[in-house]
Amino acid sequence: MSFAIGLKCRECGESYATEARFVCDVCFGPLEVDYDLVAAKGHVTRESIAAGPPSIWRYHDLLPDPGAAPVDLGAGWTPLHRADRLGALLGIKDLYLKDDTRNPTGSFKDRVVSVALSSARRLGFTTAACASTGNLATSVAAHAAAIGWPSVTVIPSDLESSKVAMTAIFGGIVLGVEGSYDDVNRLCAELVSEHPDWAFVNVNLRAYYAEGSKTLAFEIAEQLGWRTPDQVVVPVASGSQLTKIAKGFREFEELGLTEGPTPRLFGAQASGCSPVATAFRDGTNVVRPVRPNTIARSLAIGNPADGPYVLDEVHRGGGDIGSVSDEEILECIGLLARTEGIFAETAGGVTIASLRQLVQRGSIDVNRPVVAIISGHGLKTLDAVVDTARVTATISPSLADAEAVLASLSNQEVSL
Ligand SMILES: *Cc1c(COP(=O)(O)O)cnc(C)c1O
Ligand SMILES: [Zn+2]
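These numbers come from a predicted model, not from an experiment. Along every chain, residues carry numbers that run from 1 in the direction the sequence is written. Both sets of labels track the order of writing: A upward for chains, 1 upward for ligands. Local features are withheld for residues below a pLDDT of 70 in this predicted model, meaning they are given only at 70 or higher, and side-chain atom pairs are given and counted only at 80 or more; totals for whole chains, interfaces and linings count all residues. Only hydrogens and water are removed before side-chain values are computed, so all heavy atoms of the structure are retained for them.

Caption draft 1: Broad picture of the packing of helix 4 (residues 109-122) against helix 5 (residues 135-147). Following both chains from N to C, one finds helix 4 and helix 5 inclined at 45°, their axes separated by 9 Å at the closest point. By the angle between their directions, the pair helix 4 and helix 5 is classed as oblique. The chirality of how helix 4 crosses helix 5 is right-handed. Residues K109, D110, V112, V113, S114, L117 and R121 of helix 4 touch helix 5, and the partners they reach there are N135, L136, S139, V140, H143, A144 and I147. Structural elements are reduced to axes, namely lines fitted to C-alpha atoms, with helices fitted over the stretch in contact, and the angle between N-to-C directions of any two is expressed from 0 to 180 degrees. Here a helix means four or more residues in a row that DSSP labels H or I, a strand means two or more in a row labelled E, and each is numbered from the N terminus. Here the word oblique covers every angle except those under 35 degrees (roughly parallel), over 145 (roughly antiparallel) and from 65 to 115 (roughly perpendicular). Crossing chirality is assigned from the near helix's rotation relative to the far helix, an anticlockwise turn below a right angle marking it left-handed and a clockwise turn marking it right-handed. Whether two residues touch is decided by their heavy atoms; if any such pair falls within 4.5 Å, the residues are in contact.

Given below as structure tokens:
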């Protein structure tokens, strides 16, 4: 059973039922799902969770009610990978990577979509929809296909070709908008009023959607043996993931499920779209919108809805926010692949490059454990690496040719 008891305004605290509502009637603030953690205490135990399925739904008690059965392609319970080789290179003693490339459609968005569409079905919606920078559209289209729902996904028209193909293949309507994600988002806010029976997972279902990100915190703590890590590095687009990871760690702590410190959260942004990192650096809590220009398209949100909440969470723990160039992003996609055997999309490059920057800046304590979130698979952004990740040499099918090339290569430094 779910211990969710309602929706609560994040600004004024007004309460509502767990219904199809996404802004507060009183102050127009955003809503979030509220739980009866007092009742949950004792019911939700390490044992009850461990007995659950190997997916986000092992935490069903602490997620919104999915109705008769969740909309589920198997999101979550991804590996927490101990990264000793990358850690040694960055000078970090205990580095772990939360490998969310290993989700059904290759990104962390499967977590939020599984939760949002489960709530949408329970609430009587019949069409799945979203405003997306790419990965969300793919996940919405896939989950909708699996339950036989129509889907309408809206993306910037110039996205990476692999993300467009990975979305269109599921058969829904894909609208490519000539404009930025922020234009897409504005358009979807208008479409919501015209089509009240469409579940725009990150607009009118946003309160439910956001809860899916808590499962990253739950899994990390459980996989560390019910211990919280000292530090977590999280990529920031709208800021929902970082904000809800913080909420997840707090809920586990309140339930007495974990030991260890309250994790310090660190953000990661591309300098071509770093409105939250800039506000943090300037010491203001006003996030000024920017026009994105970065290869990290999945993080290219110039006007992040949860930006101010990210600043709150990062300040609360004494964290910091990295901001890295496209060159550093590409370099760190390679670094991660060569040291750990994990192929990440550009957002993963942002996380690793930011981690390196935060270590160099002294913000991260290299003697305490660090977890970095790798949120999407490299096959999603092949465009970014095809020019540099190429065959070493092209040869004729002859032994002599192969040996000659290998001999010339063995003279070269093999470097990381
Ligand atoms: C959407 C996304 C994020 C961050 O999302 P938020 O909007 O900040 O919750 C991070 N990584 C990838 C790959 C994404 O697709
Ligand atoms: Zn309110």
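Still to come is the rest of the account.
Caption draft 2: Local environment of the packing of aromatic side chains. The criterion for an aromatic pair is that two Phe, Tyr or Trp rings (for Trp, the six-membered ring) have centres within 6.5 Å, with stacked assigned to planes under 30 degrees apart, edge-to-face to planes over 60 apart and tilted to the rest. Evaluation of the coordinates by the stated rule reveals five aromatic pairs. Members of the aromatic cluster, connected to one another through ring pairs, are Y59, F218, W226 and F252. By the criterion adopted, a ring carries a charge over it if an Arg CZ or a Lys NZ lies within 6 Å of its centre and within 35 degrees of its normal. Sitting above the plane of the Y59 ring, R58 keeps its charged end 6.0 Å from the centroid. Its end group placed over the ring of W77, R58 keeps NZ or CZ at 3.7 Å from the ring centre.

Caption draft 3: Quick look at helix 13 (residues 326-340). Its 15 residues give helix 13 an end-to-end C-alpha distance of 21 Å, which sits within 8% of 21 Å, the value for a rise of 1.5 Å per residue. G341 sits one or two positions beyond helix 13 and adopts a positive phi of about 75°. One less than the residue count of a helix, multiplied by 1.5 Å, gives the span that helix is expected to have.

Caption draft 4: Spatial organisation of the coordination of the zinc ion (ligand 2). For Na, K and Ca the donor cutoff is 3.2 Å, while for all other metals N, O and S atoms count as donors only within 2.8 Å; water does not appear among the atoms, so some sites may look incomplete. Donor atoms from the polypeptide that coordinate the zinc ion (ligand 2) comprise C9 (SG), C12 (SG), C24 (SG) and C27 (SG), at 2.2 to 2.4 Å from the metal. A site with four donors is called tetrahedral when every donor-metal-donor angle falls between 85 and 135 degrees; four donors are called square planar, and six octahedral, when opposite donors sit more than 155 degrees apart and all other angles fall between 65 and 115; any other arrangement is irregular. Angles of 99 to 118° at the metal separate the four donor atoms of the zinc ion (ligand 2), which places the site in the tetrahedral class. The sequence pattern formed by the donor residues of the zinc ion (ligand 2) is C-x2-C-x11-C-x2-C. Of the two residues, C9 sits in strand 1 (residues 4-9) while C24 sits in the loop between strand 2 (15-16) and strand 3 (31-35), which places them 15 residues apart along the sequence. For the pair shown, C9 and C24 are each scored as buried. Buried, partly exposed and exposed residues are distinguished by accessible area as a fraction of the type maximum, computed with a 1.4 Å probe on protein chains only: under 20%, between the cut-offs, and over 50%, respectively.

Caption draft 5: Expanded view of the site of ligand 1. Here, proximity means that at least one heavy atom of the residue falls within 4 Å of the molecule or strand. Among the 15 residues in the neighbourhood of ligand 1, the closest are listed as K109, N135, S238, Q241 and S375. Distance and chemistry together define a polar contact, namely a pair of N or O atoms within 3.5 Å, with one atom able to donate a hydrogen and the other to accept it when in protein, and with adjacent residues in sequence counting only for side-chain atoms on both sides. Here an oxygen atom of ligand 1 and a side-chain polar atom of N135 are 2.8 Å apart. A distance of 2.8 Å is found between an oxygen atom of ligand 1 and a backbone nitrogen or oxygen belonging to G239. Only the protein chains shown count as cover for residues, and all accessible areas are computed by the Shrake-Rupley method using a 1.4 Å probe. Alone, ligand 1 offers 380 Å² of accessible surface; in the complex the protein occludes 97% of this.

Caption draft 6: View of unusual backbone geometry. Of note, the phi angle at F28 is positive, near 65°, even though the residue is not glycine. Relative to the assigned elements, F28 resides in the loop between strand 2 and strand 3. Unusually for a residue other than glycine, W226 sits at a positive phi of about 60°. Relative to the elements of secondary structure, W226 occurs in the loop between helix 9 (214-223) and strand 10 (231-235). The buried category is assigned to W226, whose relative accessible area is 12%.

None of this, on its own, says anything about what the molecule does.
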